[in-house]
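Residues per chain, in single letters:
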There are 2 protein chains.
Amino acid sequence: MLSNRFQNGMETARLVWSRLPRSEEGDLDGVGLLSTTSNRNCVESLDYEVIENYAYREEQAQRGKLFVGYNVGMKWFFALLIGIGTGFAAVFINISVENFAGWKFSLTFKIIQKSYLAGCLIYILINLALVFSSVYIITQFAPAAAGSGIPEIKGYLNGIDIPGILLLRTLIGKIFGSIGSVGGGLALGKEGPLVHTGACIASLLGQGGSTKYHISSRWLQGFKSDRDRRDLVTCGCAAGVAAAFRAPVGGVLFALEEVTSWWRSQLMWRVFFTSAIVAVVVRAAMGWCKSGNCGHFGSGGFIIWDISGGQEDYSFEELLPMAVIGVIGGLLGALFNQLTIYVTRWRRNYLHKKGNRVKIYEACLISVITSVISFGLPLLRKCSPCPDSDPASEIECPRAPGMYGNYVNVRYAHIVNYCLFLSQDDAIRNLFSAKTIHDSAPKAFWVGGTQHIRRETSSILLLSLAKQYVMFYTLAVITFGTAVPAGQFVPGIMIGSTYGRLVGIFTVNHYKKLNIEEGTYALLGAASFLGGSMRMTVSLCVIMVEITNNLKLLPLIMLVLLISKAVGDAFNEGLYEEQARLRGIPLLESRPKYEMRKMTAKEACRNQKVLSLPRVVKVADVVSILQSNKHNGFPVIDHTRNGETLVIGLMLRSHLLVLLQSKIDFQHSPLPCDPRGGSQGIRHNFSEFAKPVSSKGISINDIHLSSDDLEMYIDLAPFLNPSPYVVPEDMSLTKVISFLQCCF
Amino acid sequence: MLSNRFQNGMETARLVWSRLPRSEEGDLDGVGLLSTTSNRNCVESLDYEVIENYAYREEQAQRGKLFVGYNVGMKWFFALLIGIGTGFAAVFINISVENFAGWKFSLTFKIIQKSYLAGCLIYILINLALVFSSVYIITQFAPAAAGSGIPEIKGYLNGIDIPGILLLRTLIGKIFGSIGSVGGGLALGKEGPLVHTGACIASLLGQGGSTKYHISSRWLQGFKSDRDRRDLVTCGCAAGVAAAFRAPVGGVLFALEEVTSWWRSQLMWRVFFTSAIVAVVVRAAMGWCKSGNCGHFGSGGFIIWDISGGQEDYSFEELLPMAVIGVIGGLLGALFNQLTIYVTRWRRNYLHKKGNRVKIYEACLISVITSVISFGLPLLRKCSPCPDSDPASEIECPRAPGMYGNYVNVRYAHIVNYCLFLSQDDAIRNLFSAKTIHDSAPKAFWVGGTQHIRRETSSILLLSLAKQYVMFYTLAVITFGTAVPAGQFVPGIMIGSTYGRLVGIFTVNHYKKLNIEEGTYALLGAASFLGGSMRMTVSLCVIMVEITNNLKLLPLIMLVLLISKAVGDAFNEGLYEEQARLRGIPLLESRPKYEMRKMTAKEACRNQKVLSLPRVVKVADVVSILQSNKHNGFPVIDHTRNGETLVIGLMLRSHLLVLLQSKIDFQHSPLPCDPRGGSQGIRHNFSEFAKPVSSKGISINDIHLSSDDLEMYIDLAPFLNPSPYVVPEDMSLTKVISFLQCCF
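Residues numbered from 1 in each chain as written. Chains lettered and ligands numbered in written order. Predicted model: local features only at pLDDT ≥ 70, side-chain atom pairs only at ≥ 80, totals over all residues. Heavy atoms only, no water.

Enquirer: Which residues make up the overall build of chain A, and what values go with them?
Expert: Along its length, chain A carries 29 helices and 10 strands. Looking at chain A as a whole, 64% of its 744 residues qualify as buried. Accessible surface, chain A as shown: approximately 27,200 Å² in total, 60% of it carbon and sulfur. (Helix = DSSP H or I, 4+ residues; strand = E, 2+ residues; numbered from the N terminus. Buried < 20%, exposed > 50% of the residue type's maximum accessible area, 1.4 Å probe, protein only. Areas by Shrake-Rupley, 256 points an atom, 1.4 Å probe, with all protein chains shown as cover.)

Structure follows, in structure tokens:
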């Protein structure tokens with residue numbers, strides 16, 4: 001490919017590839033200058049690529065076809081394990097939550113028959129105990145397990161490692177914490193935490209267990225590079241979504257759209273497999289539970305709010321109210337994001353500074369408030385156990401009659417969840433319920449009742465829905481950010497379906513058509529609120545379709561999502577992006593800001609200092625450089641025959657530490673060795689550099705070097721990470737960002 | 001970001017970014033050395049990035065925020081137009097095919113009542129006429145419209161421009177050609193061509209109409225860079241799938257998984273919007289057609305083989321036969337790919353060399369064969385018009401009774417399409433039909449009939465299904481590669497569902513369970529054959545779910561696809577990859593070959609010649625270089641103060657041609673000008689370089705230069721394309737490929 005006269009230029013070019021100082025790290029810092037992010041000291045960037053130094057290439061050259069096959073086989077085996085593990089974790093969480101909640105409801109109801117106040121107290125106390133257990137676990141044992149975990153996972157898959165988020169203790173905290181917080185009736189869901197759980201399981205499997213607790217096995221440690229581990233975490237993340245919503249395709253798309261920034265088609269294939277395994281595991285577990293093996297109340301509890309019997313068709317005049325739902329969703333979603341930012345910032349700056357004790361008090365207080373409200377609202381109407389299956393009665397129980405948590409139903413149960421201590425899943429099922437015309441009392445009045453009754457019913461109904469909406473929204477905002485594992489999906493669906501149903505009622509009233517289903521509007525409302533808050537498109541759309549099991553509404557969901565995302569984007573960023581920013585996780589923006597058009601790479605990083613190393617460096621210098629700063633990568637420069645300085649690659653701190661620790665590549669003279677000259681040059685195996693935990697755990701102060709060692713030299717050339725990327729300093733930031741987006 | 005001692009190295013690095021000679025082009029050639037691709041002379045690679053030279057940056061700096069907004073608005077407006085255009089094209093094709101086929105069936109049936117032979121002849125002649133019209137259009141008017149077009153579009157979106165594939169005449173040929181070929185009853189579908197149609201519409205809109213036919217408007221020409229046009233074509237491609245299958249999410253995923261190699265989240269959002277628009281347009285058109293506005297027979301004809309009433313649940317012992325279906329699908333799919341390679345190669349080397357006349361004869365011959373077979377098979381049984389809706393009869397008509405193409409039904413119509421001149425859609429609907437137990441004769445025999453009858457029925461049934469399968473398969477193979485627009489989706493579904501149904505029958509027989517639906521097995525068979533042949537995963541899965549409107553089978557479809565793709569991959573590549581290779585379209589492989597592990601970039605391109613230019617070049621030299629070769633990109637080298645040669649960027653042939661044509665940047669001295677010194681250096685606007693058609697249409701021989709001009713010089717520096725990529729010559733090919741995959 002080279003003509004002769006060109007050879008020389010190529011030779012020079014070869015020496016000058018570089019990545020200054022680490023593309024993702026450096027440039028994110030640069031971008032950070034423009035934004036208001038801060039306290040990012042704790043994050044660490046991952047190696048996005050395999051370090052292809054001479055040692056690595058030697059190891060690769062020795063590998064046979066068999067080893068490659070073994071490696072591929074292992075990857076698929078791990079995908080299988082992740083699927084099974086996440087599936088079982090999801091089943092465990094679901095069954096526990098269902099059983100706790102069911103037991104709680106049944107006990108409360110027994111007592112309520114005798115004394116209302118005692119029942120209320122018991123209810124509040126049980127909830128308090130559950131929430132306390134959750135917040136105690138989080139604050140004392142696994143602080144990284146608080147919140148939904150999705151911003152952190154998103155950060156991880158975009159190349160930022162936040163210490164602690166993928167540890168075994170985080171996994172345990174997440175699982176038991178979310179059982180407590182969801183079972184305790186707080187306005188939060190178990191879906192976000194399940195995504196984090198899946199990611200933790202994947203990461204732990206990838207590093208062959210937890211090294212800290214000595215539960216690791218050597219033969220499992222096949223995945224040494226950050227890239228392999230990132231792939232596993234992607235699988236885990238998709239598995240989490242697949243398990244949480246029973247939406248396997250939604251899981252794949254969620255991982256693709258929302259989480260990873262770099263996607264390879266081979267990986268898609270593996271993620272798809274993991275999701276399919278999860279679907280099979282969850283289905284098997286549900287079949288097993290149906291025969292009563294999972295306790296009285298554990299009938300599965302997996303989200304499927306089947307509305308496949310719903311509205312088949314839509315008329316074009318309905319597109320207007322649907323667009324209105326989209327706009328409302330965008331506005332309310334953006335407002336939700338803004339409010340949670342304020343609340344989180346306030347919590348961070350004032351409340352949580354005072355220590356764990358305050359966090360515990362706070363969660364307990366919110367639990368009491370939530371319990372009181374959910375008990376207070378039903379006072380308006382009397383709740384009664386659902387009558388045994390009586391096809392003549394107009395009341396449909398939210399679940400099959402029997403021994404489930406099915407005690408609570410009133411005349412309007414299908415529309416308003418007066419009895420808020422109905423579990424969340426059942427409440428949503430009611431809101432989505434499609435057959436209002438046929439079986440629910442208010443609609444019957446509407447169609448055939450007298451004018452007087454109709455008006456009264458309607459106003460009571462609207463008022464109740466509005467009350468319910470305000471309550472959900474407020475609770476969701478104040479609960480967000482407490483120190484418990486918390487997902488925003490289910491609260492979002494609750495909020496959205498309430499106002500969706502309201503718009504649906506108005507639409508029915510206005511168009512006076514009987515084939516309009518309010519349940520459809522509730523579903524669209526839920527989609528719009530989630531779209532307006534989380535700003536996902538394809539994945540959210542598929543998840544909504546998969547959980548409602550109704551494909552016919554797909555175009556409508558798409559349009560509503562488009563509108564709500566567009567409206568929301570006019571105000572602020574998505575929930576996860578905002579939260580990631582608040583937590584100091586730098587994420588590469590999806591679109592360069594307008595100001596960046598005229599900025600160059602040089603301007604973006606004017607104040608940043610880069611420390612470089614010469615090709616052959618004195619050990620004492622290395623030690624002092626490593627001690628003086630916290631950089632993780634150092635460009636290495638060399639001189640050409642003409643004395644010109646050239647960047648020849650990047651040296652990682654972790655690799656320097658391994659070199660210093662092992663001392664075998666030290667040399668006496670400051671002359672460069674020839675790495676291609678054979679084994680004399682490189683006495684290291686690549687695998688020594690690639691142990692992710694051990695090499696990253698050591699600090700420069702742990703390494704003891706004799707004064708003789710300090711006088712020696714190291715030739716860094718064989719250990720450098722060459723890279724095909726050079727960002728010229730006058731390249732525009734727009735291009736730098738689009739380049740980073742496509743590669744990282 | 002730079003410490004002082006490092007400044008100098010950075011300065012040098014800045015000068016040395018390069019792309020040698022064009023990353024995608026050069027390396028694809030390199031990879032090509034290892035494979036057996038040939039005759040690649042006709043393809044041209046696209047510019048994957050915006051050329052960020054000084055002229056471009058000056059133009060960018062002048063642009064206000066308003067212009068950016070206008071640009072974004074235009075992109076969305078074009079997405080809307082593409083959605084509407086593709087939707088209407090799909091509706092037009094569907095209605096035409098339905099009307100032609102319906103009219104054909106009704107005429108044949110009228111005549112068949114009097115004379116069987118005359119009916120047969122009329123049928124053959126009508127088919128012949130339709131196929132002749134199609135092949136005539138293709139051979140005489142739009143040769144690029146032959147075949148499915150998906151390999152070409154895939155190539156385009158991977159950076160390879162094949163002349164002619166996105167022209168107006170191709171669009172017209174595709175639309176009318178596929179009406180003829182599908183209406184003429186050949187064993188092919190209209191789905192692939194619809195994808196190509198969508199892409200053509202997008203491309204034509206993007207360049208503001210067809211310049212050749214002077215149907216272009218200036219204000220539409222907002223999209224000058226290849227990247228913008230590629231984004232539009234991606235939207236068009238997704239719109240085509242969305243329209244063909246009424247699968248909006250499937251369309252997005254198809255574009256994502258199968259077609260584009262580089263994907264930006266902003267684009268996903270726009271593609272999603274386009275698909276939603278298509279869904280709304282198609283639905284509106286179908287609503288309009290339902291009221292009888294689209295002719296007697298045009299009831300829509302869009303694929304939705306609704307099996308939502310099918311099997312709800314599956315038992316674990318059923319997973320074995322389903323896995324068997326997956327394996328069969330993989331084997332048969334790989335065999336299909338291999339056979340089509342042989343057939344296509346034979347056609348290419350022997351048959352089609354003899355000119356268009358042979359192509360026409362060939363297509364007509366295949367049409368006659370297909371017609372005779374579809375008429376011959378039903379001779380075994382008598383076909384009769386479907387009786388008017390009689391709920392007591394055990395025969396269910398494939399369509400609502402009335403005036404549609406519903407004349408053909410026999411006792412076993414639900415399972416075997418004896419009456420093959422049933423249209424394809426109806427045949428598949430029958431194969432997928434779920435309610436076999438309740439309404440179809442053979443199953444009734446099975447359940448309640450005597451031993452004797454059962455055995456007879458069963459053997460007839462099996463034999464017929466097997467016959468049908470062999471026939472479909474043979475016809476699909478010989479039809480593939482004729483000079484008509486041809487999709488492989490529908491034939492694949494026909495083949496797959498036939499053997500799927502066979503396996504289903506065996507399973508029912510073996511497990512003796514009544515809740516097993518053969519329709520489910522037919523669907524899984526279809527999925528497995530498509531998976532084994534096309535090797536798609538997520539997108540195919542979503543498309544299958546969307547067209548059958550049954551979400552509950554999702555995990556099963558996923559597992560079957562996984563197995564069939566894995567089995568197929570053991571034998572050969574996917575259908576589109578193989579066809580792309582046969583057509584000489586270089587595609588970047590998804591996984592580097594094993595041999596490449598030890599190869600370096602230098603070894604891969606050892607025999608390729610690169611022609612470079614100095615920074616300041618004499619016009620006469622440029623002309624002679626441009627005349628002497630067909631390269632589209634030239635690296636430009638410069639000398640440092642020390643006399644060392646450095647690559648400073650890449651110059652495109654098209655830009656050189658614009659420079660030569662306009663002559664305004666010529667200078668008398670061979671000294672470099674300072675591009676940052678102001679307007680004196682660059683007198684060109686970037687927009688002059690960016691007119692895609694005009695600048696690419698001119699050849700060096702069209703430019704007339706005086707002898708004075710030839711003695712002048714040009715400084716190329718302001719027009720260079722800098723690039724952040726340098727591929728060091730000793731980088732391993734594995735890394736080069738993974739790098740190319742993520743960026744291009």
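Enquirer: Explain the side chain of Ser533(A) residue by residue, including any values.
Expert: Residue and element names in this part refer to chain A. Here Ser533 lies in helix α19 (residues 518–534). We classify Ser533 as buried; its relative accessible area is 2%. Excluding anything up to four places from it in sequence, Ser533 contacts Gly333, Phe336, Asn337, Gly574 and Leu575. (Contact = heavy atoms within 4.5 Å.)

Enquirer: An account of helix α19 (residues 518–534) of chain B is requested, with residue identities and associated values reported.
Expert: Here α19(B) spans 24 Å end to end across 17 residues, near enough to the 24 Å set by a 1.5 Å rise per residue. The buried count for α19(B) comes to 17 of 17 residues, which makes it a mostly enclosed element. (Expected span 1.5 Å × (residues − 1).)

Enquirer: Provide a residue-level description of the sheet that holds strand β9 (residues 666–667) of chain B, including the pertinent values.
Expert: Residue and element names in this part refer to chain B. Pairing is antiparallel across the open sheet formed by three strands, whose spatial order is β6-β10-β9. Since the sheet does not close on itself, it has two edges, and those belong to β6 (616–618) and β9, each with one partner. Sheet topology places β6 next to strand β10 (residues 713–715); three bridges connect them, and they run antiparallel. In the sheet register, Val617 faces β10, and the bridge partner there is Ile714. Packed on one face of the sheet, helix α24 (residues 619–628) meets β6, β9 and β10 and runs near 75° to β6. (Pairing = 2+ DSSP bridges. Axes fitted to C-alpha atoms, helices over the stretch in contact; angles between N-to-C directions.)

Enquirer: Please set out the packing of aromatic side chains residue by residue, giving values where relevant.
Expert: Residue and element names in this part refer to chain B. Enumeration over the complete set of coordinates arrives at 22 aromatic pairs over all chains. Residues Trp76 and Phe273 carry aromatic rings whose centres are separated by 5.2 Å and whose planes lie at 65° to one another, so their mutual orientation is edge-to-face. Highlighted residues: Trp76 in helix α4 (residues 65–112) and Phe273 in helix α11 (residues 265–293), separated in sequence by 197 residues. Given the relative accessible area of 25%, Trp76 is considered partly exposed. (Phe/Tyr/Trp six-rings, centres within 6.5 Å; stacked < 30°, edge-to-face > 60°.)

Enquirer: Please give an account of the sheet that holds strand β9 (residues 666–667) of chain A that cites residues and values.
Expert: Residue and element names in this part refer to chain A. Pairing is antiparallel in the open sheet, where three strands are placed in the order β6-β10-β9. Two strands lie at the open edges of the sheet, namely β6 (616–618) and β9, each paired on one side alone. Alignment of β9 against strand β10 (residues 713–715), held across two bridges, turns out to be antiparallel. Considered in β10, the bridge of Gln667 is made with Tyr713. Along the sheet, helix α24 (residues 619–628) makes contact with β6, β9 and β10, crossing β6 at roughly 75°.

Enquirer: Give me the pattern of salt bridges: which residues, what numbers.
Expert: Residues and elements named next belong to chain A. Following the criterion strictly, the structure yields 20 salt bridges over all chains and no others. The salt bridge partner of Arg581 is Glu573, with a shortest N-O separation of 2.5 Å. Through salt bridges that share partners, Arg535, Lys565 and Asp569 make up one connected network. (Salt bridge = Lys/Arg side-chain N within 4 Å of Asp/Glu carboxyl O.)

Enquirer: Summarise unusual backbone geometry; cite the residues concerned and give the values.
Expert: If you check the backbone angles, Arg535(A) has positive phi at about 60° while not being a glycine. Along the chain, Arg535(A) falls in the loop between α19 and α20 (538–548). In this structure Arg535(A) comes out as buried when scored by relative accessible area, which is 7%. The phi torsion at Arg246(B) lies on the positive side, around 50°, for a residue other than glycine. When you line up the elements, Arg246(B) lands in the loop between α9 (226–245) and α10 (248–259). According to the relative accessible area criterion, Arg246(B) is partly exposed, its value standing at 27%.

Enquirer: Give a detailed account of the UniProt feature "transmembrane region" (unreviewed entry) in chain A, specifying residues and quantitative values.
Expert: Residue and element names in this part refer to chain A. In this structure's numbering, the residues bearing the UniProt feature "transmembrane region" (unreviewed entry) are residues 76–96, 116–138, 232–255, 267–286, 319–340 and 460–483. Between the C-alpha atoms that bound residues 76–96 the distance is 30 Å, and the span itself is 100% helix and 0% strand. For residues 116–138, the helix share is 100%, the strand share is 0%, and the end-to-end C-alpha distance is 33 Å. (UniProt positions renumbered as here; feature names shortened; annotations may be inferred.)

Enquirer: Tell me about a nonpolar patch on the surface, residues and numbers included.
Expert: A surface patch of nonpolar side chains, amounting to about 330 Å² of accessible area, comprises Phe92(A), Phe141(A), Ile172(A) and Phe176(A). Secondary-structure assignment places Phe176(A) in helix α7 (residues 168–183). (Patch = residues over 30% accessible without salt bridge, like charges linked within 9 Å, V, L, I, M, F, W, Y side chains within 5 Å.)

Enquirer: Talk me through the packing of helix α6 (residues 150–157) of chain A against helix α22 (residues 575–582) of chain A; I want residue IDs and the actual numbers.
Expert: Residue and element names in this part refer to chain A. Following both chains from N to C, one finds α6 and α22 inclined at 80°, their axes separated by 9 Å at the closest point. When the axis of α6 is compared with that of α22, the two are roughly perpendicular. Here Ile150, Pro151 and Lys154 of α6 come into contact with α22, specifically with Tyr576, Glu577, Gln579 and Ala580. Tallied by class, the residues present in the contact of α6 with α22 amount to four nonpolar, one polar and two charged. (Parallel < 35°, antiparallel > 145°, perpendicular 65-115°, else oblique. Nonpolar A, V, L, I, M, F, W, Y, C, P; charged D, E, K, R; others polar.)

Enquirer: Would you mind going over the environment of Pro193(B) in detail, with residue names and values included?
Expert: Residues and elements named next belong to chain B. Relative to the helices and strands, Pro193 resides in helix α8 (residues 191–206). For Pro193, a relative accessible area of 0% puts it in the buried group. The sequence separation of Pro193 and Asp226 amounts to 33 residues, and the corresponding C-alpha distance is 23 Å. Setting aside anything within four residues of it in sequence, one finds Pro193 in contact with Gly147, Ser148, Lys174, Ser178, Pro485, Ala486 and Gly487.

Enquirer: Account for the side chain of Gln488(B), naming residues and giving values.
Expert: Along the chain, Gln488(B) falls in the loop between α17 (451–479) and α18 (489–511). In contact with Gln488(B), not counting residues within four places along its chain, are Ser148(B), Phe336(B), Phe480(B), Leu530(B), Met534(B) and Leu575(B).

Enquirer: Explain the nonpolar core to me, and be specific about the residues and the numbers.
Expert: Residues Met544(A), Ile557(A), Met544(B) and Ile557(B) are the most contacted members of the largest nonpolar core, which totals 257 residues. By residue number, the principal contributor to this core is helix α11 (residues 265–293) of chain A, which donates 13 residues. Discounting residues that sit within four places of it in the chain, Ile557(A) has contacts with Leu523(A), Leu524(A), Ala527(A), Cys541(A), Met544(A) and Val545(A). (Core = buried A, V, L, I, M, F, W, Y, C linked by side-chain atoms within 4.5 Å.)

Enquirer: Any chance you could break down the pairing of strand β7 (residues 633–639) of chain A for me, citing the residues and the numbers?
Expert: Residue and element names in this part refer to chain A. For β7, the buried fraction is high: five of the seven residues fall into the buried class. Both strand β5 (residues 613–614) and β7 contribute to a ladder of two bridges, which runs parallel. Looking across to β7, one finds that Pro614 is bridged to Ile637.

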